[in-house]
Amino acid sequence: MVLPLVVGVDGSEPSLHAVDWAADEAVRHDCPLRIVHASLWERYESEALADAPGTGPDVVTERDLVEGIVAGASQRARQRAPTLEISTDVVPEDPASALLSEARHAAAVVTGVRGRGPIRELLLGSVSLSLAARSPCPVVVVRGREQNRQAVNGLVVVGVGGGTDRPAIRYALREGAVRGCAVEAVRAWRRPARGTPPQSQPTGEPARGEEEQASLLLAEALDGADEEYPGVSVHHTLFEGSARHALVARSSAADLVVIAARRRRGHLGPQLGLVGHTVLHHSECPVVVVPHHE
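Residues numbered from 1 in each chain as written. Predicted model: local features only at pLDDT ≥ 70, side-chain atom pairs only at ≥ 80, totals over all residues. Heavy atoms only, no water.

Draft legend 1. Focus on the overall build of the protein chain. A tally of helices and strands in the protein chain yields 11 helices and 12 strands. Here the contacts in the protein chain between residues at least 6 apart in sequence split such that 79% fall between residues at least 24 apart. About 14,600 Å² of surface is accessible on the protein chain, with carbon and sulfur atoms providing 50% of the total. (Helix = DSSP H or I, 4+ residues; strand = E, 2+ residues; numbered from the N terminus. Contact = heavy atoms within 4.5 Å. Areas by Shrake-Rupley, 256 points an atom, 1.4 Å probe, with all protein chains shown as cover.)

Draft legend 2. Main features of the environment of Pro291. For Pro291, the location among the structural elements is in the segment after strand S12 (287-290). With 126 residues separating them along the chain, Pro291 and Asp165 place their C-alpha atoms 9.0 Å apart.

Draft legend 3. Spatial organisation of the pattern of salt bridges. What the rule picks out here adds up to 11 salt bridges. Asp89 is the salt-bridge partner of Arg34, the closest N and O atoms lying 3.0 Å from each other. In this pair, Arg34 sits in strand S2 (residues 33-38) while Asp89 sits in strand S3 (residues 86-91), placing the two residues 55 residues apart along the sequence. Overall, the relative accessible area of 18% leaves Arg34 in the buried class. Owing to a relative accessible area of 29%, Asp89 belongs among the partly exposed residues under this scheme. Each of Asp20, Asp24, Arg76 and Arg80 takes part in one network of salt bridges that share partners. (Salt bridge = Lys/Arg side-chain N within 4 Å of Asp/Glu carboxyl O. Buried < 20%, exposed > 50% of the residue type's maximum accessible area, 1.4 Å probe, protein only.)

Draft legend 4. Highlighting unusual backbone geometry. Notably, Asp30 is not glycine yet its phi reads approximately 55 degrees, a positive angle. You can see Asp30 is positioned in the loop between helix H1 (13-29) and S2. Relative accessible area serves as the criterion here: at 67%, Asp30 is assigned to the exposed category.

Draft legend 5. The arrangement of H1 in detail. End to end, H1 covers 25 Å across 17 residues, agreeing with the expected 24 Å (1.5 Å per residue, within 8%). Turning to H1, its buried residues number three or more, namely Pro14, Ser15, Ala18, Val19, Asp20, Trp21, Ala22, Ala23, Glu25 and Ala26. (Expected span 1.5 Å × (residues − 1).)

Draft legend 6. Highlighting the sheet that holds strand S7 (residues 182-189). Pairing is mixed across the open sheet formed by 10 strands, whose spatial order is S3-S2-S1-S4-S5-S12-S9-S6-S7-S8. Pairing within the sheet leaves two strands with one partner each, and these edge strands are S3 and strand S8 (234-240). The sheet shows a mean angle of 25 degrees between the axes of neighbouring strands, direction not considered. Both S2 and S3 contribute to a ladder of six bridges, which runs parallel. By the bridge assignment for S3, Leu33 is matched with Ile86. (Pairing = 2+ DSSP bridges. Axes fitted to C-alpha atoms, helices over the stretch in contact; angles between N-to-C directions.)

Draft legend 7. Quick look at the confidence of the model for the protein chain. For the protein chain, the average pLDDT comes to 85, and 79% of its residues sit at 70 or higher. Here residues 117-123 is a poorly scored stretch, pLDDT under 50, and it has seven contacts once near neighbours within four places are set aside; other chains count. In this model residues 198-204 is a low-confidence stretch, pLDDT under 50, and it forms five contacts with partners more than four residues away in sequence or in other chains. (pLDDT = per-residue confidence, 0-100.)

Draft legend 8. Structural view of the packing of H1 against helix H8 (residues 166-179). For the pair H1 and H8, interaxial distance at closest approach is 10 Å and the crossing angle is 80 degrees. One way to sum up the angle between H1 and H8 is to call them roughly perpendicular. Along its contact with H1, which presents Trp21, Glu25, Arg28 and His29, the element H8 presents Tyr171, Arg174, Glu175, Val178 and Arg179. (Parallel < 35°, antiparallel > 145°, perpendicular 65-115°, else oblique.)

Draft legend 9. Here's a closer look at the packing of H1 against helix H4 (residues 62-80). It is the contact of H1 with H4, at a shortest axis distance of 9 Å, that shows an interaxial angle of 40 degrees. Taken together, the axis directions place H1 and H4 in an arrangement best described as oblique. Read as a crossing pair, H1 and H4 show a hand that is right-handed. Contacts between H1 and H4 pair Leu16, His17, Val19, Asp20, Ala23 and Asp24 from the former with Ala73, Arg76, Ala77 and Arg80 from the latter. Class assignment for the residues of the contact of H1 with H4 results in five nonpolar, one polar and four charged. (Left-handed = near helix turned anticlockwise from the far one by under 90°. Nonpolar A, V, L, I, M, F, W, Y, C, P; charged D, E, K, R; others polar.)

Draft legend 10. Up close: the pairing of S7. Within S7, seven of the eight residues are buried, which leaves it mostly tucked inside the rest of the structure. Bridge count for S7 against S8 is seven bridges, and the pairing is parallel. Considered in S8, the bridge of Ala185 is made with His236.

Laid out in structure tokens, this is it:
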């Protein structure tokens, strides 16, 4: 059974960009596309509205609006990919819970960068960040410039921090293969802090030692990972500075940035680390967050 690519829609322009991206991605991977709109209206209001006065056939209800959103998204995907297998659903849950449930049976879950409402820039935190921190499958946040969303740059960037990033590396290589493009593996490194005890520094010039160590760790993380995709060109890039700044900087030239889900427990449940937060908020291209067990 081929798992579907799930995309959440709410009728906003960013969610329609997500539909476009998801349709193209489903074609690349020859998998079905499932379009989901999550609405609590069905749970809390449908019965009351059905019995309320003034709800004749000419009254536009919330149900009509919801069905219009889903139908419009499906038509948009169909126009973009006429042969694609598409299914739709309206789920009576809040968006984060609904998409987390969908994630248990999905190849990946795709969302837009923000939704509707007066605090649109903050809605990434309420839905997409929650998904990225808790989803059992990869989560894609479609953001950035149109050129980057349309995959015309021919480059997938993957952040490499260590051996636990293997699932993200494999995901990036798989994307490189289906897109016919290069993969750039990026690892950040820093100069030793002033005053570091000499015995903790590598031999030779401290900065050069740190850079060489980063190069070795990058090669080690990639060792053997490309054997499954021998036709993909993989470039190693070392970046002096923080990993989050490195990935945001490289996102401007990329079609996709792939990062591992470095999750930590907080008082509000699982949360992403600083790199994940920064890249999801500031990347100039779509971002994929890959769980360690993917």
